[in-house]
Amino acid sequence: MTFIFCLQELYLEILFTKNKPMKRIGVLTSGGDSPGMNAAIRAVLRTALYHKMEVYGIRHGYKGMIEGDIFKMHSSDVTNIIQRGGTILKTARSKEFMTDEGMAKAHEQLQKHNIEGLVLIGGDGTFRGANAFFSKYPIPAVGLPGTIDKDLVGTDFTIGFDTAVNTAVEAIDKIHDTAEAHDRIFIVEVMGRDAGYIALNSGIACGADDILIPEIRTDINRMIQHIRSDERRKKNVHVIVVAEGDDFGGAVELKSVFDQQLPDLESRICVLGHIQRGGAPSFADRVLASRLGYAAVLALIEKKYQMMVGIVNNEIKYTSFSEVVKQNASIPKDLQEMIMILAS
Ligand code: F6P
């Protein structure tokens, strides 16, 4: 009889805990930072506070989760940060998190701090980590796409992409002026280890003569012929935008081929690098981050767990972590053709 009574108690306790509204959530930024991450943190915190939740910031992404670098956040922590680049929570790329020991330590820390749900802001590495971790430790979690690379499925834009492309466009326009003045070939290398979205979009926006991206095989002989035929019709300026992860190599490799095969033409390189990751987020990134941060907390309340929140056709869309890590966003075919025609 007592045994049945205990079982009944346990059942009620489980039922109660399951239906109890979430009270304590953690938030972190992970991987490469992106402009707008602060706006997302602000939206998560303020929405969660409105819904009577406590929010714990986890510093340095998964690394801080392992080390227990966790602190209680207050509304004032996010005052005046919507316009700032970087991330007030700091970020990191953690190899340890991908090990069994690392995950166990991270889980222990979450339990120690009574964290019931998580909001993760980051790119493909963040979602790979999330997918592995939550298959082992099924804690409620929601992800936000925060990366300048825009290489995630399940969203039209990622937080930081718009700002990064605008930064690249501003720089390439300036380079165009000096290239024109000297009749030079300029090779501008932009970020994108595995994805060509920044190169593609900044290249189109600046009227680049060639755009080289990891997703399309680079035909160096076609490029040399293109430059030679332009030269014959007295077009001596060439601005080439190359993604750092292009299959042929980056700006340095291209220049060495040009030096050998086009010795009579002057070429210069400019590697934009981490400039693209910093700076005040554009209005588009601030609005995107705010909408996604707000939606992430609602997703936790509505028990839409282990999902990335994105925006597709201006509507909130949820994609499971396992789907997000399965595929990369692809480059639309019509754009590839358009670039060839417009740059001719
Ligand atoms: O965040 C994505 C990204 O900016 C890539 O485009 C780039 O290749 C990489 O991060 C650089 O990372 P890190 O700052 O760790 O060298």
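Below you will find a few notes about this structure. Keep in mind that what you see is a predicted model, and the values were worked out from it rather than measured. Counting restarts for each chain, with residues numbered from 1 along the sequence as it is written. In keeping with the predicted nature of the model, local features appear solely for residues at pLDDT of at least 70, side-chain atom pairs appear and are counted solely at 80 or more, and the whole-chain, interface and lining totals rest on all residues. Based on all heavy atoms of the structure, the side-chain values leave hydrogens and waters out of the count.

**Let's talk about the sheet that holds strand β10 (residues 307-312)**
Here is step 1 of the chain: Whether two strands pair depends on DSSP finding at least two bridges between them. What counts as a helix is a DSSP run of H or I of at least four residues, what counts as a strand is a run of E of at least two, and both are numbered from the N terminus. Overall, mixed pairing links the seven strands, which are arranged β3-β2-β1-β4-β5-β10-β11 in an open sheet. Every other strand in the sheet has two partners, leaving β3 (70-72) and β11 (315-320) as the edge strands with one partner each. The average undirected angle you get between the axes of adjacent strands in this sheet is 30°.
Here is step 2 of the chain: Pairing analysis gives six bridges linking β10 to β11, with the strands arranged antiparallel. Directly across from G310, in β11, lies its bridge partner K317. To obtain an axis, a line is fitted to C-alpha atoms, over the contacting stretch when the element is a helix, and the angle between two such axes runs from 0 to 180 degrees between their N-to-C directions.

**Description of the packing of helix α6 (residues 161-182) against helix α7 (residues 197-206)**
Here is step 1 of the chain: Two numbers describe how α6 lies on α7: the axes approach to 9 Å, and their chain directions differ by 45°. The angle between α6 and α7 falls in the class oblique. The two elements α6 and α7 meet at a crossing, and its hand is right-handed. Where α6 approaches α7, its residues F161, A164, V165, A168, V169, I172, D173 and H176 are matched on the opposing element by Y197, I198, N201, S202, A205 and C206. Reported orientations rely on four angle classes, namely roughly parallel under 35 degrees, roughly antiparallel over 145, roughly perpendicular from 65 to 115, and oblique for the rest. For a crossing to be left-handed, the near helix must be turned anticlockwise from the far one by less than a right angle; the clockwise case is right-handed. The contact rule is simple, with two residues in contact once any of their heavy atoms fall within 4.5 Å.

**Quick look at the side chain of D246**
Here is step 1 of the chain: Summarising the element assignment, D246 is placed in the loop between β8 (238-243) and α9 (251-261).
Here is step 2 of the chain: R217 is the oppositely charged side chain nearest to the buried, salt-bridge-free D246, at an N-O distance of 9.4 Å.
Here is step 3 of the chain: Those residues in contact with D246, other than ones at most four positions away along the chain, are L212, I213, P214, I216 and T218. Relative accessibility thresholds used throughout: buried, under 20% of the residue-type maximum; exposed, over 50%; partly exposed, between the two (1.4 Å probe, protein chains only). Asp and Glu count as negative and Lys and Arg as positive, but His and the ends of the chain are not part of the count. Salt bridges are identified by distance alone: a Lys or Arg side-chain nitrogen within 4 Å of an Asp or Glu carboxyl oxygen.

**Comments concerning the site of the ligand**
Here is step 1 of the chain: Nearness of a residue to a molecule or strand requires only that one of the residue's heavy atoms be within 4 Å of it. Inspection of the region around the ligand gives G32, R93, I148, D149, M191, G192, R193, E244, H274 and R277 as its neighbouring residues.
Here is step 2 of the chain: Taking H274, its side chain carries an N or O atom lying 2.8 Å from an oxygen atom of the ligand.
Here is step 3 of the chain: Methods summary: accessible areas were calculated by the Shrake-Rupley approach with a probe of 1.4 Å, and residue burial reflects only the protein chains presented. The protein chains hide 79% of the 400 Å² of surface that the ligand would expose on its own.
Here is step 4 of the chain: Nonpolar residues are Ala, Val, Leu, Ile, Met, Phe, Trp, Tyr, Cys and Pro. Charged residues are Asp, Glu, Lys and Arg, and all others, Gly as well, are polar. Split into classes, the residues belonging to the shell around the ligand amount to two nonpolar, three polar and five charged.
Here is step 5 of the chain: An automatic or database domain assignment is the source of the domain bounds shown. If you count residues domain by domain, the shell around the ligand takes at least three from each of domain 1 (3-159 + 281-326) and domain 2 (161-277). Under the rule applied, a polar contact is a pair of N or O atoms within 3.5 Å (in protein, one hydrogen donor and one hydrogen acceptor; residues adjacent in sequence only if both atoms are side-chain atoms).

**A few points about the packing of aromatic side chains**
Here is step 1 of the chain: Stacked, tilted and edge-to-face are the three classes applied to pairs of Phe, Tyr and Trp rings, where Trp contributes its six-membered ring and a pair requires centres within 6.5 Å; stacked means planes under 30 degrees apart, edge-to-face means over 60, and tilted covers the rest. Inspection of every chain in the model, using the stated rule, returns eight aromatic pairs.
Here is step 2 of the chain: Residues F127 and F321 carry aromatic rings whose centres are separated by 5.6 Å and whose planes lie at 55° to one another, so their mutual orientation is tilted. On the criterion of sequence distance, the pair formed by F127 in helix α5 (residues 124-136) and F321 in helix α11 (residues 321-326) is long-range, its members being 194 residues apart.
Here is step 3 of the chain: The exposure class of F127 is buried, given its relative accessible area of 0%.
Here is step 4 of the chain: A ring pair is formed by F133 and Y137, whose centres lie 5.2 Å apart and whose planes are at 45°; its orientation type is tilted. Judged on exposure class, the residue F133 and its partner Y137 are both buried.
Here is step 5 of the chain: Each member of the aromatic cluster is reached from another via a ring pair, and the members are Y62, F97, F127, F133, F134, Y137 and F321.

**Brief notes about the pattern of salt bridges**
Oppositely charged side chains can form a pair if their charged atoms are brought close together.
Here is step 1 of the chain: Considering all chains together, one arrives at 19 salt bridges under this definition.
Here is step 2 of the chain: Its salt-bridge partner being D33, residue R277 comes within 2.8 Å of it at the nearest N-O pair. With R277 in the loop between β9 (267-271) and α10 (283-301) and D33 in the loop between β1 (24-29) and α2 (37-50), this residue pair connects regions lying 244 residues apart in the sequence.
Here is step 3 of the chain: Judged by relative accessible area, R277 falls into the buried class, the value being 17%.
Here is step 4 of the chain: One salt bridge connects E231 with R228, and the closest N-O pair in it is separated by 2.6 Å. With E231 and R228 both in helix α8 (residues 220-232), this residue pair falls three residues apart, about one helical turn.
Here is step 5 of the chain: Linked through salt bridges whose partners overlap, the residues forming this network are R24, E54 and K72.

**Some points on the nonpolar core**
Here is step 1 of the chain: Membership of the largest hydrophobic core comes to 31 residues, with the highest contact counts inside it found for I25, V27, M73, V119, I121, L144 and V309.
Here is step 2 of the chain: Elements with a contribution of two residues or more to this core: β1, α2, β4 (117-122), β5 (141-145), α10 and β10.
Here is step 3 of the chain: When residues of this core are assigned to their parent elements, the largest contribution, eight residues, is made by α10.
Here is step 4 of the chain: Each nonpolar core is a collection of buried residues, namely Ala, Val, Leu, Ile, Met, Phe, Trp, Tyr and Cys, held together in the definition by side-chain atoms within 4.5 Å. One finds V188, M191, C206 and A243 within the second-largest nonpolar core, a separate group that totals 29 residues.

**Focus: the sheet that holds strand β7 (residues 210-212)**
Here is step 1 of the chain: Strands sit in the order β7-β8-β6-β9 across an open sheet of four strands; the sheet is parallel. The open sheet has two edge strands with one neighbour each: β7 and β9. Each strand of the sheet is rotated relative to its neighbour by a mean of 15°, with strand direction disregarded.
Here is step 2 of the chain: Pairing analysis gives six bridges linking strand β6 (residues 185-190) to β8, with the strands arranged parallel. Its bridge partner lying in β8, V188 is registered against V241.

**Concerning the pairing of β4**
Here is step 1 of the chain: When you tally the buried positions in β4, you get six out of six residues, the bulk of the element.
Here is step 2 of the chain: On β4, burial covers both faces: G117, V119 and I121 on one face and L118, L120 and G122 on the other are all buried.
Here is step 3 of the chain: Pairing geometry for β1 and β4, over five bridges, is parallel. The residue bridging I25 from the neighbouring strand is G117, located in β4.

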